[in-house]
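# A structural walkthrough
What follows is each chain in one-letter form.
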Amino acid sequence: MSVAAAHVHPHTELTDAERARLGRRARLLAGTSVTYNVVEAVVAISAGLVAGSVALVGFGLDSVIEVSSGLIILWQFSHRLPETRERQALRLMSVAFGLLAAYVGVESVRALVVGADPDTSPVGIGLTVASLLVMPFLSWAQRRTGKALGSAAVVADGTQTALCTALSAAVLAGLLLNAALGWGWADPVAGLVVAAVAGREAVQAWRGEGCCAPARPGGADEHSEDGCGDGCNGGC
């Protein structure tokens, strides 16, 4: 589901205690995501460079984006009123997605044009299988927490993790086709899938607005200057 399509409205008004608890959970999940993706990025980029796999390198760079996404959430929730940083968080994620899409897209097209022939990567295959097992649960927890908070940015972080799951499947398919059938073109095609999905999410994150955070009891209006201001209707 795209960021813009995720309607992040809390079911009930949150108390300060509930907001603090959910904020701690959001930070814990973001920290877990950062830790896992640092390891994943190092392994994927290293294995991709050794094998000459643009899809695997792109997968590793997506993990770098995941790290930046988690750090953005940690930055957002380090503030006393994290909802005031919602829009900035979404825009930062959008830029990260856009950079990933541009790099992987260009490298994939280059690999198709010059006829790159990547080597088989058992390490890459094992890594993508591990991500297929781990990431769905992390994404579910992030999105659930974001919806409870009414935070489009936390939901976007969960969307990034869900994207990592989908990309794991695409990259794994490319690696297996190359290993089993010698279809070297499957690797850059998988890279183009990475680029296309990342580009779509960049647009959706940029359009999304941080206007759905639940109002604090007795707090300022959600459309005030420390919330979102104008243009909130379509973002959430």
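This text goes with the structure placed above it.
Note that this is a predicted model, so its numbers are computed, not measured.

## Here's the deal with the overall build of the chain
- Counting secondary structure elements, the chain contains six helices and zero strands.
- Reading the chain from its N terminus to its C terminus gives the helix and strand order α-α-α-α-α-α.
- Counting across all 236 residues of the chain, residues that qualify as buried make up 52%.
- Restricting to contacts in the chain with at least 6 residues of sequence separation, those with at least 24 account for 79%.

## Looking at the packing of aromatic side chains
- Counted according to the given criterion, the structure contains one aromatic pair.
- Judged by centre distance (5.3 Å) and plane angle (20 degrees), the ring pair of Trp183 and Trp185 falls under stacked.
- Owing to a relative accessible area of 47%, Trp185 belongs among the partly exposed residues under this scheme.
- Above the ring of Trp206, the side-chain terminus of Arg91 is found at 4.2 Å from the ring centroid.

## Structural notes on the side chain of Ser94
- Checked against the element boundaries, Ser94 lands in helix H3 (residues 86-114).
- In this structure Ser94 comes out as buried when scored by relative accessible area, which is 7%.
- Every residue in contact with Ser94, bar those within four places of it in the chain, is listed here: Ala202, Ala205 and Trp206.

## Some words on the packing of helix H1 (residues 16-51) against helix H2 (residues 54-76)
- Running from amino to carboxyl end, H1 crosses H2 at an angle of 160 degrees, the nearest separation of the two axes being 7 Å. Between H1 and H2, the angle falls in the class roughly antiparallel. Handedness of the crossing formed by H1 with H2: left-handed.
- Of the residues in the contact of H1 with H2, the class split is 18 nonpolar, seven polar and three charged.

## Re the nonpolar core
- Of all hydrophobic cores here, the largest spans 28 residues; its most connected members are Leu56, Phe59 and Val171.
- Of all the secondary structure elements, the ones that give two or more residues to this core are H1, H2, H3, helix H4 (122-149), helix H5 (152-181) and helix H6 (186-207).
- Per-element tally for this core: the top contributor is H5, with six residues.
- Ignoring any residue separated from it by four or fewer positions in sequence, one finds Val171 in contact with Ala55, Leu56, Phe59, Thr128, Ala190 and Val194.

## Re H4
- Along its 28 residues, H4 runs 40 Å from first to last C-alpha, staying within 8% of the 40 Å computed at 1.5 Å per residue.
- The principal kink in H4, of about 35 degrees, is found at Val134, preceding the proline Pro136 by one to four residues.
- A positive backbone phi angle near 75 degrees is found at Gly150, which sits one or two residues after H4.

## Some words on the packing of H4 against H5
- For the pair H4 and H5, the least separation of the axes is 7 Å and the interaxial angle reads 160 degrees. Considering the angle they form, H4 stands roughly antiparallel to H5. Between H4 and H5 the crossing geometry is left-handed.
- In terms of residue class, the contact of H4 with H5 is built from 15 nonpolar, twelve polar and three charged.

## Some points on the environment of Asp119
- Structurally, Asp119 can be placed in the loop between H3 and H4.
- For the pair Asp119 and Ser53, spaced 66 residues apart in the sequence, the C-alpha separation amounts to 7.3 Å.
- Setting aside chain neighbours within four positions, we find Asp119 in contact with Val50, Ala51 and Asn178.

## Notes on the side chain of Thr165
- Tracing the sequence through the fold places Thr165 in helix H5.
- For Thr165, a relative accessible area of 16% translates into the label buried.
- Not counting residues up to four positions away in its chain, the partners in contact with Thr165 are Leu132, Met135 and Pro136.

## Comments concerning a positive patch on the surface
- Together, Arg21, Arg24, Arg25, Arg27 and Arg144 make up a region of like positive charge exposed at the surface.
- In terms of residues, the positive patch owes the most to one element, H1, which gives four residues.
- Relative to the helices and strands, Arg21 resides in helix H1.

Reading the values: the criteria
Residues numbered from 1 in each chain as written. Predicted model: local features only at pLDDT ≥ 70, side-chain atom pairs only at ≥ 80, totals over all residues. Heavy atoms only, no water. Helix = DSSP H or I, 4+ residues; strand = E, 2+ residues; numbered from the N terminus. Buried < 20%, exposed > 50% of the residue type's maximum accessible area, 1.4 Å probe, protein only. Contact = heavy atoms within 4.5 Å. Phe/Tyr/Trp six-rings, centres within 6.5 Å; stacked < 30°, edge-to-face > 60°. Lys NZ or Arg CZ within 6 Å of the ring centre and 35° of its normal. Axes fitted to C-alpha atoms, helices over the stretch in contact; angles between N-to-C directions. Parallel < 35°, antiparallel > 145°, perpendicular 65-115°, else oblique. Left-handed = near helix turned anticlockwise from the far one by under 90°. Nonpolar A, V, L, I, M, F, W, Y, C, P; charged D, E, K, R; others polar. Core = buried A, V, L, I, M, F, W, Y, C linked by side-chain atoms within 4.5 Å. Expected span 1.5 Å × (residues − 1). Bend = angle between axes of the 7 residues up to and from the residue. Patch = residues over 30% accessible without salt bridge, like charges linked within 9 Å, V, L, I, M, F, W, Y side chains within 5 Å. Areas by Shrake-Rupley, 256 points an atom, 1.4 Å probe, with all protein chains shown as cover. Salt bridge = Lys/Arg side-chain N within 4 Å of Asp/Glu carboxyl O. Lys, Arg positive; Asp, Glu negative; His and termini not counted. Charge placed at Lys NZ, Arg CZ, Asp CG, Glu CD.

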